[in-house]
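Summary of structural features
What follows is each chain in one-letter form.
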Amino acid sequence: MGEFEKLLEEGLELKELKRGEVIKGKVVKIDERNIYVDVGYKVEGIISREELPDARVGDEIKAVVVRFTKGGSPLLSYRRYLEDKLTGFLKACYEKGKFITGTVVEKKDDGYVVDVSGLRVFLPMKEAIRNLREGKKIVAKITEFKREEDGLKVVLSQKDYIKAQEEKKRARLLSKIKVGDLVEGKVIKIDPEKGITLLVGNALRAFLPLEELSWGRDRNPYNYAEIDERLRVKVKRIPKDGQFIFVSLKETKENPWQKAQQSIQKGQVVNGRVLEVRENGLIFEVMEGVEGFVPKDEISYDGSIPKKGDRVSAQVLDFDPKRHKLVLSIKRTLPKPWEEFIKKYPAGSRVVGTVEKIEGARAIVSLEQGVQGVIHRSDLAWIKPGRIEDVLKVGQSIEFAVLGLDGRFVKLGLKQLTDNPWETVLKNYKVGDKVKLKVKSVHPFGAFLQFPEGIDGLLPISEIPKGLKLQEGQEVEARIIELSQDKITFSMKEKEEEKKEDIITTSDKGFTLGDILKKKMKI
């Protein structure tokens, strides 16, 4: 065959090579940029080395003719061949949401390059699990599939596959778990306002509310767990949707109220810690999870209040473990201030107090912080006043005599600060004595006569001579006919009897009864 015929034949052969045609060839040469392939024609095909970075001389490959160079060399694409070959398969997987497998071949700043049956596709970093390494086989779903000018664009995501696997795992876990079971989970989130979220079996989420952290009042979740820490909890509730379960940490421990039922009794003194100070009282912790209430009026005698965190003793006033009710008193464990006061100021002492209020026939007196005194009307003066207000005024500070205790009050007196006039009267007078006294007051039943010592005695109406009218302030002579610590009685009738005695005595001196009558009748 001549040269012309050969050139003609070769020219004809080259014309038969078309764009988009799939051809088969053998790698004959590789340089830094290209791979040269013998495709059975005089001119070698050229493939970018980026498309086949692992190719070796002698490898047989298939490629698609993309275009021709000015020199007539066909430019080939192995990627285009794979794209054309896998387009139907990948498109079907994309449209039906099926998973595909691939191998991670390269890590970039924004994601990973994955080999799917020889085709390089992209897996964004945000759609991948953490810490993927080259050579790692993955299962993913196609989230983007389209043909662009430079080739087929395929984007993957592992999230759906991971979610599907978690669903299966969660379903298996839920089929085995029931309320009351103890499970272990890893802490994945802590919310100080709500609680702790755990991951059980790397698939099932469990929520631990603040109120289920402890039997006590501590609701700070950071005091119970840290991120990635593992907690053993008890299953409380399993919602129908099965997306998560509710768990309890406190129920993994014994109910402290049941324990307290064996060790706490009414009237017992217990030690504890002040958890909270409120306007109406204190919250008092006896043991972890067992808290009681100390009413404001049971905190102290002097108004002092312990601080949060203080350890003190308290007496149990009421205890109902079934209702989680515990009422306590701190002040009943303290020395009674009125008893301490009376030790310092025994009966007979003199103290200064301020009148707080007047209640009927008694007055309440403030002595010291937490100590009150009481004085009754009978102890105001030796001569009992008509009203207590006649002697004492609210806010008045005055000296009192200590008489002893009257319940939780210190019993006080005023009259005890002066001499007892009764004793003076009993000492200076006796029954039968005649005394000149002033009329203090006149009444239908008689009159009261007053000694200079201030003591009153009664002159009954029956002991006043007939026709004699007494007036207040009038001085009269009377005879003591009854005298005791509690009662003095007078009589003025002794004067008439003396007149009768005088008449009898005169008749003995020459006068007769007839003479006397005649004289009276003026006969």
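Residues numbered from 1 in each chain as written. Predicted model: local features only at pLDDT ≥ 70, side-chain atom pairs only at ≥ 80, totals over all residues. Heavy atoms only, no water.

1. What about the sheet that holds strand β21 (residues 350-359)?
Ordered by their spatial adjacency, five strands build a closed barrel running β21-β22-β23-β25-β24, and the pairing between neighbours is mixed. Neighbour-to-neighbour, the strand axes of this sheet turn through a mean angle of 50°, independent of strand direction. Bridge count between β21 and strand β24 (residues 397-406): five bridges; the pairing is antiparallel. Residue pairing in the sheet places R350 in a bridge with A401 of β24. On top of the sheet, helix α5 (residues 337-344) reaches β21, β22 (362-368), β23 (371-376), β24 and β25 (409-413); it is set at about 105° to β24, its chief contact. (Pairing = 2+ DSSP bridges. Helix = DSSP H or I, 4+ residues; strand = E, 2+ residues; numbered from the N terminus. Axes fitted to C-alpha atoms, helices over the stretch in contact; angles between N-to-C directions. Contact = heavy atoms within 4.5 Å.)

2. Notes on the sheet that holds strand β5 (residues 74-77)
The strand order β1-β2-β3-β5-β4 describes a closed barrel built from five strands, whose pairing is mixed. The mean inter-strand angle of the sheet, taken between neighbouring strand axes irrespective of direction, is 55°. Examined bridge by bridge, strand β2 (residues 34-38) and strand β3 (residues 45-48) share four bridges and lie antiparallel to one another. The partner of Y36 across the bridge, within β3, is I46. In this fold helix α2 (residues 78-96) packs onto β1 (22-30), β3, β4 (60-68) and β5, with an angle of close to 100° to the strand it touches most, β4.

3. Quick notes on the pattern of salt bridges
Here the structure, examined in full by the defined rule, presents 24 salt bridges. Between K24 and E60 there is a salt bridge, and its shortest N-O distance comes to 3.9 Å. In this pair, K24 is assigned in strand β1 and E60 in strand β4, connecting sequence segments 36 residues apart. With respect to burial, K24 and E60 carry one shared label: exposed. One salt-bridge network, in which partners are shared between bridges, spans E144, K146 and K153. (Salt bridge = Lys/Arg side-chain N within 4 Å of Asp/Glu carboxyl O. Buried < 20%, exposed > 50% of the residue type's maximum accessible area, 1.4 Å probe, protein only.)

Read these as layout, nothing more, since geometry by itself doesn't imply function.
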